[in-house]
Amino acid sequence: LQLIDDILDFEGDPKKMGKPVNADLTLGLATAPVFFALQEDESMRALILRGFQQPGDVEKVRVAKPPLNILLNLCDVTGVAVRPNDASIVPYTGLS
């Protein structure tokens, strides 16, 4: 369930989740989507190492948002997908 929470932190509706999006980044926490994004974009390393504490760090990650393939990797790992518009969890069986 932690991976699902990590996805929702990037893509979820804050009203339905009960917390703002990017809350983990604001707290300086690098979550699974950030580490998957690091595989695609090495510039994320500096932001991770400083805990997203410099002005604009959270915004850089938020604007970059994990590419679709990173979110699909998380869906493959968890076996579920998250509908960001209503934060519902549904089975994920891959792309058809």
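The rules behind each value
- Residues numbered from 1 in each chain as written.
- Predicted model: local features only at pLDDT ≥ 70, side-chain atom pairs only at ≥ 80, totals over all residues.
- Heavy atoms only, no water.
- Core = buried A, V, L, I, M, F, W, Y, C linked by side-chain atoms within 4.5 Å.
- Buried < 20%, exposed > 50% of the residue type's maximum accessible area, 1.4 Å probe, protein only.
- Helix = DSSP H or I, 4+ residues; strand = E, 2+ residues; numbered from the N terminus.
- Contact = heavy atoms within 4.5 Å.
- Salt bridge = Lys/Arg side-chain N within 4 Å of Asp/Glu carboxyl O.

Mind laying out the nonpolar core, listing which residues take part and the relevant values?
In this structure, Phe10, Leu25, Val34, Leu38, Met44, Leu47, Ile48, Phe52 and Val61 together form the largest nonpolar core, which totals 9 residues. Of all the secondary-structure elements, those providing two or more residues to this core are helix H4 (32-40) and helix H5 (44-49). In terms of residue count, the dominant contributor to this core is H5 (3 residues). Beyond its immediate stretch of four places on either side in the chain, Val61 contacts Phe10, Leu25, Val34, Met44, Leu47 and Phe52.

Go over the pattern of salt bridges, please, and point to the residues and values.
What the rule picks out here adds up to 3 salt bridges. Here Asp5 makes a salt bridge to Lys19, at a shortest N to O gap of 3.3 Å. Here the residue Asp5 occupies a position in helix H1 (residues 2-11), and Lys19 occupies one in the loop between helix H2 (14-17) and helix H3 (23-26), the gap between them amounting to 14 residues. Accessibility expressed as a relative area gives 27% for Asp5, which makes it partly exposed. Judged by its relative accessible area of 24%, Lys19 is partly exposed. Among the salt bridges present, the one from Arg50 reaches Asp57, with a minimum N-O distance of 2.7 Å.

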